[in-house]
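# A look at the structure
What follows is each chain in one-letter form.
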Amino acid sequence: MPESAPKEKTLLQRNIALVVAAGRGLRAGGGLPKQYRPIRGRAILRRTVEALLAHRRIAAVQVVIAADARAFYDAALAPLCDDARLLAPVTGGASRQESVLRGLEALARIPDGAPDVVLIHDAARPFVSAALIDRVLGAVEAERGAIPALPLVDTVKRADDECLVTGTVERHGLWRVQTPQGFPFAPILAAHRRAGGGALTDDAAVAEAAGLSVRLVPGDEDNFKITTADDFRRAERLLATVAADAPAAPAPIPRIGQGFDVHRFGPGDHVMLCGLAIPCDAGLIGHSDADVVLHAVTDAILGALALGDIGQHFPPSDPRFKDAASARFLAHALDLTRVRGGRLVHCDVTIIGEKPRIAPHRERLRGELAALLGLKREAVSLKATTTEKLGFTGRDEGLAAQAVVTILLPAESVPAAAR
Ligand code: MG
């Protein structure tokens, strides 16, 4: 064998996948960043991470997330939380390139050694196949990256701002590029450090700018990036074909959550309950609008998901939540339910206090709560009780509320140990 033959790659080579999920991704519509939106009950990010973890030659997966997306990340990847190969997420930057740099820096700090090869992958490409990953890994060399690409089949036109064609582009030699993009770790880290977090849209461009050569390997049409509403429909169709051959899903697992909240009475002429102003000879004191019902329900939902409490998600010390409408907290808890693949099916609330009288407003409050929760009125119960003049509620010092909710979680998203 000639001396110049490349050293045979062995399974000892340490490959780590870096998933870039820091974008806001609002192009696809819907309130949630697209990488957290579920497709057939599973968040896109979770599907992507699972596809990477399923590959025998990938030692670990590192996800880069937006600064305010930790709760979404935790909800999406809760079923994988016991997998030590999923590294703790790192916070990205303002651009994709900056986010990748931060991810690479985190990998460089791994105590038992940085990877030999890093596969940089878009969070919104959940259909990456093992064969594609093999092709990329097989083509990465000590001083060369490898990226999947597909030939352009459509004729390419150039047009002006009025959509008038100004010419035809010779498509020979043009390629559509995908991810994962594989690179030897040290050179791509150096290239990204030198590029310094600019606005290049893929990592091969960073490598090119640093003089690192990059080889194309065959991409895969199914490895498309979910960007538009059409892409979501295409992803649903793709998964429907797979699901048609799979055995019927086991029954979902019910999770019960409970929440409790109290606010102290102060000066005022109304209290907020279920997002409605209810006349009262006092107001409730709070950093937000002090809606005890919505706070208790929000905590009950977070409880069913085992995702902390309202104070963790919306710290009272944060000025952004001063006088906030509590429906916003509830909407966040419902978003987390969707990200987790769960479905809220029932809510039962008890308001505890001597005032205001709830009976005259009960059905309106119940209807409003049902609307906020996206439930039918029959799935929402709203009760009220006094405490017979006993305790702090009996002395008119404050108002309390308790809530219990039921959420159905897909069985496959609940680790066996947590069933
Ligand atoms: Mg509260």
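Preceding this section is the structure that the text describes.
What comes next concerns the included structure. No experiment lies behind these values; they were computed from the predicted model shown.

## Points about the overall build of the protein chain
Within the protein chain, the regular secondary structure consists of 12 helices and 19 strands. Each principal axis of the C-alpha distribution contributes one length, and for the protein chain these read about 95 × 55 × 45 Å. Looking at the protein chain as a whole, 49% of its 419 residues qualify as buried. Taking all contacts inside the protein chain whose residues are at least 6 apart in sequence as the whole, residues at least 24 apart take part in 74%. Between the mean site of the 51 positive side-chain charges and the mean site of the 49 negative ones, the protein chain shows a separation of 2 Å.

## Some remarks on the packing of helix 8 (residues 292-305) against helix 11 (residues 362-373)
Following both chains from N to C, one finds helix 8 and helix 11 inclined at 40 degrees, their axes separated by 12 Å at the closest point. Accordingly, the angle class assigned to the pair helix 8 and helix 11 is oblique. Handedness of the crossing formed by helix 8 with helix 11: right-handed. Counted together, V293, L294, V297 and I301 of helix 8 and L369, L372 and L373 of helix 11 form the full contact between these two elements. Residue composition of the contact of helix 8 with helix 11, by class: seven nonpolar, no polar and no charged.

## As for the coordination of the magnesium ion
The magnesium ion binds to the protein through D261 (OD), D261 (OD), H263 (NE2) and H295 (ND1), with metal-donor distances spanning 2.2 to 2.6 Å. Mapped onto the sequence, the donors of the magnesium ion take the spacing D-x1-H-x31-H. Placement of H263 in strand 13 (residues 253-266) and of H295 in helix 8 is noted, with a sequence separation of 32 residues between them. You can call H295 buried: its relative accessible area is 7%.

## Some words on the pairing of strand 15 (residues 276-279)
The side-chain alternation of strand 15 yields one buried face, formed by L276 and I278, and one unburied face, formed by A277 and P279. Strand direction decides the pairing type here: strand 14 (residues 270-273) and strand 15, joined by four bridges, are antiparallel. Among the inter-strand pairings, M272 is bridged to a residue of strand 15, identified as A277.

## Some thoughts on the packing of aromatic side chains
Following the criterion strictly, the structure yields five aromatic pairs and no others. Taken together, the ring pairs connect F314, F321 and F329 into an aromatic cluster. Just above the ring of F232 sits the side chain of R37; from NZ or CZ to the centre is 4.1 Å. The cationic tip of K355 hangs over the ring face of F265; the distance from NZ or CZ to the ring centre is 4.9 Å.

## Notes on the sheet that holds strand 13
Strands sit in the order 16-13-19-17-18 across an open sheet of five strands; the sheet is mixed. Each edge of the sheet is formed by a strand with only one pairing partner; in this case those strands are strand 16 (283-285) and strand 18 (380-385). With direction set aside, neighbouring strand axes in the sheet form an average angle of 30 degrees. One ladder, built from three bridges, connects strand 13 with strand 16; its direction is antiparallel. Among the inter-strand pairings, G266 is bridged to a residue of strand 16, identified as G283. Packed on one face of the sheet, helix 11 meets strand 17 (343-352) and strand 18 and runs near 140 degrees to strand 18.

## A look at a nonpolar patch on the surface
Taken together, W175, V177 and L216 make up a surface patch of nonpolar side chains, about 260 Å² in accessible area. Within the secondary structure, W175 is located in strand 10 (residues 175-177).

## Comments concerning helix 8
For an α-helix the count is 3.6 residues per turn, leaving residues at separations of three or four pointing the same way. Between its first and last C-alpha atoms helix 8 spans 20 Å; for 14 residues at 1.5 Å apiece the expected length is 20 Å, and the two agree. Phi turns positive, to about 55 degrees, at A306, one or two residues after helix 8.

## Let's talk about the nonpolar core
Ranked by size, the top nonpolar core spans 84 residues in total, and within it V297, I301, L369 and L373 carry the most contacts. Of the residues forming this core, the biggest block, 10 residues, is contributed by helix 8. L18, A22, A106 and A204 belong to the second largest nonpolar core, which has 22 residues in total.

## Observations concerning the packing of helix 1 (residues 44-53) against helix 2 (residues 70-77)
With their axes 8 Å apart at the nearest point, helix 1 and helix 2 run at an angle of 60 degrees to one another. Looking at the two axes, helix 1 sits oblique to helix 2. Judged by the twist between their axes, the crossing of helix 1 over helix 2 is right-handed. For the pair helix 1 and helix 2, the contacting residues are L45, R46 and V49 in the first and Y73, A76 and L77 in the second.

## A word on helix 1
For helix 1, a buried count of nine out of 10 residues is recorded, marking the element as mostly surrounded by other parts of the structure. For helix 1, the full list of buried residues reads I44, L45, R46, R47, T48, V49, E50, L52 and L53.

## Here we look at the pattern of salt bridges
A pair can form between side chains of opposite charge whenever their charged atoms are brought close. Scanning all chains against the criterion turns up 19 salt bridges. Among the ionic pairs, D203 bridges to R96, the shortest N-O distance being 2.9 Å. Residue D203 is located in helix 6 (residues 203-209), and its partner R96 is located in helix 3 (residues 96-108); the two are separated by 107 residues in the primary sequence. Residue class for R96 comes out partly exposed when judged on its relative accessible area of 22%. R395 is paired through a salt bridge with E397; the nearest N and O atoms lie 2.8 Å apart.

Thresholds applied
- Residues numbered from 1 in each chain as written.
- Predicted model: local features only at pLDDT ≥ 70, side-chain atom pairs only at ≥ 80, totals over all residues.
- Heavy atoms only, no water.
- Helix = DSSP H or I, 4+ residues; strand = E, 2+ residues; numbered from the N terminus.
- Buried < 20%, exposed > 50% of the residue type's maximum accessible area, 1.4 Å probe, protein only.
- Contact = heavy atoms within 4.5 Å.
- Lys, Arg positive; Asp, Glu negative; His and termini not counted.
- Charge placed at Lys NZ, Arg CZ, Asp CG, Glu CD.
- Axes fitted to C-alpha atoms, helices over the stretch in contact; angles between N-to-C directions.
- Parallel < 35°, antiparallel > 145°, perpendicular 65-115°, else oblique.
- Left-handed = near helix turned anticlockwise from the far one by under 90°.
- Nonpolar A, V, L, I, M, F, W, Y, C, P; charged D, E, K, R; others polar.
- Donors = N, O, S within 2.8 Å, 3.2 Å for Na, K, Ca; no water.
- Pairing = 2+ DSSP bridges.
- Phe/Tyr/Trp six-rings, centres within 6.5 Å; stacked < 30°, edge-to-face > 60°.
- Lys NZ or Arg CZ within 6 Å of the ring centre and 35° of its normal.
- Patch = residues over 30% accessible without salt bridge, like charges linked within 9 Å, V, L, I, M, F, W, Y side chains within 5 Å.
- Areas by Shrake-Rupley, 256 points an atom, 1.4 Å probe, with all protein chains shown as cover.
- Salt bridge = Lys/Arg side-chain N within 4 Å of Asp/Glu carboxyl O.
- Expected span 1.5 Å × (residues − 1).
- Core = buried A, V, L, I, M, F, W, Y, C linked by side-chain atoms within 4.5 Å.

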